[in-house]
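Reading the structure
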Amino acid sequence: MFTAIGKENQQQTLIDRRPIRILHVIGGMVRGGIETWLMHILRHIDRDRFHMDFLVHRTDPCAYDDEIRSLGSRIIPCPLDRWRPWVYAANFNQILREYGPYDIVHSHVHHFSGYVLRLAKQAGVPLCIAHSHNDTSSEAKARLYRHLYRRLTQWWISRYATVGLGCSCLAAADLFGCKWESDPRWQILYYGIDLTPFRDGIDRDAVRRELGIPIDAFVIGHVGRFVEQKNHEFLIEIAAEVAKREAKMHLLLLGEGVLRSQIEQKVEQMGLSDRVTFAGTRCDIPRLMRGAMDVFLLPSLFEGLPVVGIEAQAAGLPFILSDTITREVEILKPLVKWLSLSQPAVAWAEIILNHRDTASTITQSDALAVVETSPFNINVSVKQLENIFLEALV
């Protein structure tokens, strides 16, 4: 009895101490879906009760670094060298000693989270969280080394994670196993976004002029890094088929990445250079969705749960996406159309053109109202995360 009461008192002392200190582990705070969600959390969480720092696996500056520092948090570089894990371990432990102690290590680096949480648990961090943001099950036929890496890191996660979060059921199954629901440690936490920018007034003509897009164009929009996962090669083929049927077709691509130059070459080869705008990385995605886009297209090979899909529906856009993506992203059924990647580009083009008038039956304000009452509202998401932190520490 005495031991149990003593433990409860120690735990209550931890909760009463302010703030609870959290170290998020992430590749880098670039303008990606995971990172944008973390920024929504940082802006809206009670910073008097929760202090968030970010351990990043790179040394170069990233888009959100300055804002993070302005909100009182720290960016702590810990370069990743998978071939010399002992060096990473030494640096990680040094960071815990220098910047800690931390009550929580919250890791967002998928399978590598197993190693991160092993180090955190060995260092005595009370709460270790593995967060799955992606569904990489398509790697099931990967090389032997990759297969062994996945098996080992998943075992570490199972052993060292106090709590496991998935942004969707597919993402949870990918990291925690197909029977994840039978383990009370694993749970779903949907992304929440700040819906304020979707309430602002928009001058569509001004937005299009700014981007150099004809005022009367039919604009297909896409937001995503130029990486294989996002399937830009197929996206360009779809746009080419739409262009054959719609003379005013224009494609707006937002994002950066290693494959951008390759996609730019493909656009040129297909004679679409004057009908495609590469707008780079932007901080005003809601404004561009509402002001420039008529349809949102996401033919990804895989996703955990795409934040841009939530944003597209909040903007009231018809949303065409691949059926490899979790159905949990569907908030407004009339706006969403699913299509198999086995279907040819011409089939996708026909769906886009047939579905483009959907937005006229659902106003953007009506769409926004539905998203506001969903689990994808930042106010819901941040409250759930705060409760997860507190309940796991009690």
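Structural notes, computed from the coordinates. (Residues numbered from 1 in each chain as written. Predicted model: local features only at pLDDT ≥ 70, side-chain atom pairs only at ≥ 80, totals over all residues. Heavy atoms only, no water.)

This paragraph deals with the overall build of the chain. When its secondary structure is counted, the chain shows 15 helices and 13 strands. Along the first, second and third principal axes, the C-alpha atoms of the chain reach 75 × 45 × 40 Å. The proportion of buried residues among the 394 residues of the chain is 54%. Considering only contacts within the chain whose residues lie at least 6 apart along the sequence, 71% involve residues at least 24 apart. Just so you have it, the chain exposes about 17400 Å², and 51% of that area is on carbon and sulfur atoms. For the chain, the separation between the mean place of its 44 positive charges and that of its 46 negative charges on side chains is 5 Å. (Helix = DSSP H or I, 4+ residues; strand = E, 2+ residues; numbered from the N terminus. Buried < 20%, exposed > 50% of the residue type's maximum accessible area, 1.4 Å probe, protein only. Contact = heavy atoms within 4.5 Å. Areas by Shrake-Rupley, 256 points an atom, 1.4 Å probe, with all protein chains shown as cover. Lys, Arg positive; Asp, Glu negative; His and termini not counted. Charge placed at Lys NZ, Arg CZ, Asp CG, Glu CD.)

Right, let's talk about the pairing of strand 1 (residues 20–26) for a bit. Of all 7 residues in strand 1, 7 are buried, a share of seventy percent or more. Bridge count between strand 1 and strand 2 (residues 50–56): 7 bridges; the pairing is parallel. Following the sheet pairing, Leu 23 is matched in strand 2 by Asp 53. Alignment of strand 1 against strand 4 (residues 104–107), held across 4 bridges, turns out to be parallel. Looking at the pairing, His 24 lines up with His 106 of strand 4. (Pairing = 2+ DSSP bridges.)

Of note, Ala 349 is situated in helix 13 (residues 345–355). On a C-alpha basis, the gap between Ala 349 and Ala 243 in space is 8.8 Å, while along the polypeptide they are 106 residues apart. Apart from residues no more than four positions distant in its own chain, Ala 349 is found in contact with Ile 238, Glu 241 and Val 242.

A few words on unusual backbone geometry. Between Gly 100 and Pro 101 the backbone carries a cis peptide bond, its omega angle lying at 5°. Checked against the element boundaries, Pro 101 lands in the loop between helix 4 (85–99) and strand 4. In this structure, His 110 takes a positive phi of about 50° despite not being glycine. A relative accessible area of 13% means that His 110 is categorised as buried. Here Asn 231, not a glycine, exhibits a phi torsion of approximately 65°, which is positive. With respect to the element layout, Asn 231 can be found in the loop between strand 8 (218–223) and helix 9 (232–245).

Of all the residues in helix 8 (residues 204–211), the buried ones are Val 207, Arg 208 and Leu 211. Taken end-on, helix 8 shows its buried residues confined to a sector of 95°, consistent with a single buried face. Elements that come into contact with the buried residues of helix 8 comprise strand 8, strand 9 (249–254), strand 10 (276–280) and helix 11 (285–292). Here helix 8 starts with a cap whose side-chain oxygen sits 3.2 Å from the backbone nitrogen of Asp 205, and that cap is Asp 203. (Arc of directions from axis to C-beta. Polar contact = N/O pair within 3.5 Å; in protein donor to acceptor, adjacent residues only side chain to side chain.)

Inspection of the secondary structure assignment puts Arg 260 in helix 10 (residues 260–269). Once you skip the residues sitting within four places of it in the chain, Arg 260 turns out to touch Phe 226, Gly 255, Phe 278 and Gly 280.

In the contact formed by helix 2 (residues 33–44) and helix 15 (residues 378–393), the axes pass within 10 Å of each other and the chain directions differ by 80°. Our classification of the angle between helix 2 and helix 15 gives roughly perpendicular. Residues Trp 37, His 40, Ile 41 and His 44 of helix 2 form the contact with helix 15, whose participating residues are Ile 378, Asn 379, Ser 381, Val 382 and Leu 385. (Axes fitted to C-alpha atoms, helices over the stretch in contact; angles between N-to-C directions. Parallel < 35°, antiparallel > 145°, perpendicular 65-115°, else oblique.)

Running from N to C, helix 5 (residues 113–122) and helix 6 (residues 144–160) point in directions that differ by 35°, and their axes come no closer than 7 Å. Here the hand of the crossing between helix 5 and helix 6 comes out left-handed. Each of Ser 113, Gly 114, Tyr 115, Leu 117, Arg 118, Lys 121 and Gln 122 in helix 5 lies in contact with helix 6, whose residues at this interface are Thr 153, Trp 156, Ile 157 and Tyr 160. For the contact of helix 5 with helix 6, the class distribution of residues is 5 nonpolar, 4 polar and 2 charged. (Left-handed = near helix turned anticlockwise from the far one by under 90°. Nonpolar A, V, L, I, M, F, W, Y, C, P; charged D, E, K, R; others polar.)

Spatial ordering of the open sheet is given by 3-2-1-4-5-6-7, a layout of 7 strands whose pairing is parallel. Of all strands in the sheet, those bounded by a partner on one side alone are strand 3 (75–77) and strand 7 (186–188). Here the strands of the sheet are splayed against their neighbours by 25° on average, with no regard to which way each runs.

Taking strand neighbours across the sheet as the criterion, the 6 strands line up as 10-9-8-11-12-13 in an open arrangement whose pairing is parallel. Each edge of the open sheet is held by one strand with a lone partner, namely strand 10 and strand 13 (336–339). Across the sheet, the axes of successive neighbouring strands diverge by a mean angle of 20°, strand direction being ignored. Sheet topology note: the strand 11 (residues 295–298)/strand 12 (residues 319–322) ladder contains 3 bridges and is parallel. Across the sheet, Leu 298 pairs through a bridge with Leu 321, a residue of strand 12.

In this section: the pairing of strand 9. Counting buried positions along strand 9 yields 6 of 6 residues, so the element is predominantly enclosed. In strand 9, alternate side chains face the same way, and those of Met 249, Leu 251 and Leu 253 on one face and His 250, Leu 252 and Leu 254 on the other are all buried. Bridge analysis of strand 8 against strand 9 gives 6 bridges, and the strand direction is parallel. Of the residues in strand 9, the one forming a bridge with His 222 is Leu 253. Handedness of the crossover is the feature at issue here: the chain leaves strand 8, passes through helix 9, returns alongside strand 9, and the resulting connection is right-handed. Regarding topology, helix 10 serves as the crossover connection from strand 9 to the parallel strand 10, and that connection is right-handed. (Right-handed = clockwise from strand over helix to strand, strands pointing away.)

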